Each structure stands twice: as C-alpha cells, then as structure tokens.
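Chain residues, written in single-letter form:
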Amino acid sequence: MHDLADAPRVLATPGALRLQSERWRAAGLSVALVPTMGALHAGHRSLIARAGSECDRVVVSIFVNPAQFTSGDDLARYPRTLRADLAMLAAEGVHAAFVPDAAAMYGAGFATGVQVGGAVTSTLEGAFRPGHFDGVALVVAKLLITARADRAYFGEKDAQQCAVVRRLAQDLDTGTEIVVCPTVRDADGLALSSRNVHLSAAERAQALALPEGLAAAARRFAAGERSGPALAAAAAAVAAGSPDLVLEYVAVVDEESFEPLDEVGGRARILVAARIGATRLIDTLCLGAADAPTTAFVVGATSPVGPDVAPAGRSRPCSVPS
C-alpha cells in the first residue's frame, strides 16, 4: 500500500496520529477528521470534499471497529478494500490516513468504556443492536481525543449515530465540531452503503422500497399529515410490497432526542431499518425542514431533479452545522 507515489501519509498508531495533528496545529493549520470503516464510496468522497473545503488538513480514519459489531459473522463479512481505499484518498488529496489495527486501538489490558445514555442510544438501532452505540461512542471518543480535530464529518444516513456523536462531543467538551453531511444516493435512489456490495440485483430492486417508503411519508407530510404513526405506516406500507424485505422498524422521532413522536409539531426525522437476505440496510429522511428534499431521488419520481437530488446525488439533512 506504500507504493502509491501520491498516497496520503499512513499512520498506524494513535500516537502517530496525535503527533501529526499536533504538528499541523502548531503550524496554525486547521484539522478535519473523517471517520470511516473503509470500503469507501462516493458518500465518503462527499465527506472528504466537504472537509477539504473547510479545513487545511484532512485525515481519514479506516478502522473496522470490532467494539460496535454485535455479531461476529457481521464483523467478518464487512468489506475490506484497503488498497482501493488508499487510492481514493490519494486521488482526493487527503493528507493522512489513520489505519490502526485492533491491537493499536484496544491494547492489552484495555478496560475502558464510553456510554451515552437516553433514548438516543436505547431505541431503534440501540434496541436492535444492543451494545452497538457503546462501541461507537468508544471509538469516536478515542478518535476525537487522538486526532484533536477542529471538525469531524459524518453522513446523515447514520442519523442516530450522528445524534450519539453530537451528544458525546458536547458532553465531553472535546472541542470538535460535529458536521453532518447529506446522504448520497445511487442513481436508483438507494442510499450508498459499503454493505450494498452484498446485494444481488433482485435484492437491490426490492431494497428500493426503503427510499420509496420514505418518499411516500414525505408526500403525506407535505399534504398535511402530522401523526407520527400514520407517517411511519405510509413508509411501512410501501416496504410491505417487497416480499423479501424484513422490516425491523419504521419510526418518526425527534431529531435530537430520538424520542418517538405521536404528533409532528416542527421538524422530525423518519427512519427505517430492514434486512434483505443477509444484508441489513438503514435509511432516513427529515420531515419539516424548510428546504426539505423532493422525492425525485426515487426511481420513477416525476418531480424535477434538483442539484441536491441528482443521480448519485444528495438528500438534504435536517440541519448541517456551519
């Protein structure tokens, strides 16, 4: 992986990352962190581009974090494409890649945990993947402490994770601003995910019921529906048309606390999770934002395609910190 002439500097230990960040900061340079688990795609590229436009130096972490997996099989199955990932980072002009192994992150005798409380970690993903957010909180805390970044960039598709990370960063006074960037979608409307490589053509066709269901809920909301259960039911009804798609949840929640909403008074978030075959997928959409996305990202939609919902385009999040 070191024969790429223009490869980013590869850092393998937290100490090496900390030293590099301290050197940048001592030179008066701002530092951006883009945490990933590798198997990079256009969604990650959009995070890197945003980071590079706002900060002087960009570091991308690539670490398949065992602490956040609730299934050993899922961990083993997660795609790993390090050489291709480093090539993408080189093409994007990334300054450093943090590529530790588990021993570097969780050494002998490691005994520390990080837990964020409340509905933001106990519902939805937290309920279906017990312990998942403890692992997320642990690795993100380590990354923020080590990288000492001015800003860290995350994708909106993992909206509940973003809420957890924002709470952690605020509560621990990390000094890092958490920036949430819009979901990037393939031309057919499916939200980009490293796990999509496991989908067969038939499974992918059925998985489109997820963004289509969210779009159906958005249309109901635009028409005046404010009942959280009714909006969730609209999305679930579309998903029910895909016989092999097994819904885990569809929920309308407060975008900060993730408490379920019976009535949507202002902005809210609708989220869906499902399994098809051996692959688990999630998706989300904001309801009530002043610049709420159209449904044009859904295949066959008739509304005009705007600049943020073009093929391989983006659906807008509820809010993106400046």
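Check the entry above for the structure.
Residues numbered from 1 in each chain as written. Predicted model: local features only at pLDDT ≥ 70, side-chain atom pairs only at ≥ 80, totals over all residues. Heavy atoms only, no water.

Student: Just to check I follow, could you spell out the packing of aromatic side chains for this structure?
Tutor: Two aromatic rings, taken as a pair, are described by how far apart their centres are and by the angle between their planes. By the definition in use, this model includes 4 aromatic pairs. Note on Phe69 and Tyr78: the rings are 5.9 Å apart at their centroids and 80° apart in plane angle, and the pair reads as edge-to-face. A ring pair is formed by Phe128 and Tyr249, whose centres lie 5.7 Å apart and whose planes are at 45°; its orientation type is tilted. On the criterion of sequence distance, the pair formed by Phe128 in helix α7 (residues 125–128) and Tyr249 in strand β8 (residues 245–253) is long-range, its members being 121 residues apart. The exposure class of Tyr249 is buried, given its relative accessible area of 9%. Here a set of aromatic residues connected by ring pairs shows up, and it is made of Phe63, Tyr106 and Phe110. (Phe/Tyr/Trp six-rings, centres within 6.5 Å; stacked < 30°, edge-to-face > 60°. Helix = DSSP H or I, 4+ residues; strand = E, 2+ residues; numbered from the N terminus. Buried < 20%, exposed > 50% of the residue type's maximum accessible area, 1.4 Å probe, protein only.)

Student: Before we go on, may I ask you to explain the nonpolar core in this structure?
Tutor: Soluble globular proteins: nonpolar side chains tend toward being buried together. Grouped together as the largest cluster of nonpolar side chains are 44 residues, with contacts concentrated most on Leu33, Val59, Leu144 and Phe258. Excluding anything up to four places from it in sequence, Leu33 contacts Val59, Ser61, Leu143, Leu144, Ala147, Ala149, Arg151, Ala152 and Tyr153. Counting residues in each nonpolar core, the second largest holds 25 residues, with Ala207, Phe221, Ala232 and Leu281 among its members. (Core = buried A, V, L, I, M, F, W, Y, C linked by side-chain atoms within 4.5 Å. Contact = heavy atoms within 4.5 Å.)

Student: Honestly, the pattern of salt bridges in this entry has me stumped. Any pointers?
Tutor: This structure, assessed with the given rule, holds 20 salt bridges. Salt-bridge contacts for Glu225 lead to Arg220; the nearest nitrogen and oxygen are separated by 3.0 Å. Among the residues examined, Glu225 registers a relative accessible area of 23% and is labelled partly exposed. What makes Arg220 partly exposed here is its relative accessible area of 37%. The shortest N-O distance in the salt bridge between Arg267 and Glu255 comes to 3.2 Å. Taken as a pair, Arg267 in the loop between β8 and β9 (268–276) and Glu255 in the loop between β8 and β9 lie far apart in primary sequence, 12 residues in all. On the accessibility criterion, Glu255 (14% relative accessible area) is buried. One salt-bridge network, in which partners are shared between bridges, spans Glu125, Arg129, Glu248, Arg275 and Arg280. (Salt bridge = Lys/Arg side-chain N within 4 Å of Asp/Glu carboxyl O.)

Student: So what exactly am I meant to see when it comes to the side chain of Thr146 here?
Tutor: Structurally, the position occupied by Thr146 is in helix α8 (residues 132–147). With a relative accessible area of 7%, Thr146 lands in the buried category. A distance of 2.7 Å separates a polar side-chain atom of Thr146 from the backbone oxygen of Lys142. With near-sequence residues (within four places) excluded, Thr146 lies in contact with Pro14, Leu17 and Arg18. (Polar contact = N/O pair within 3.5 Å; in protein donor to acceptor, adjacent residues only side chain to side chain.)

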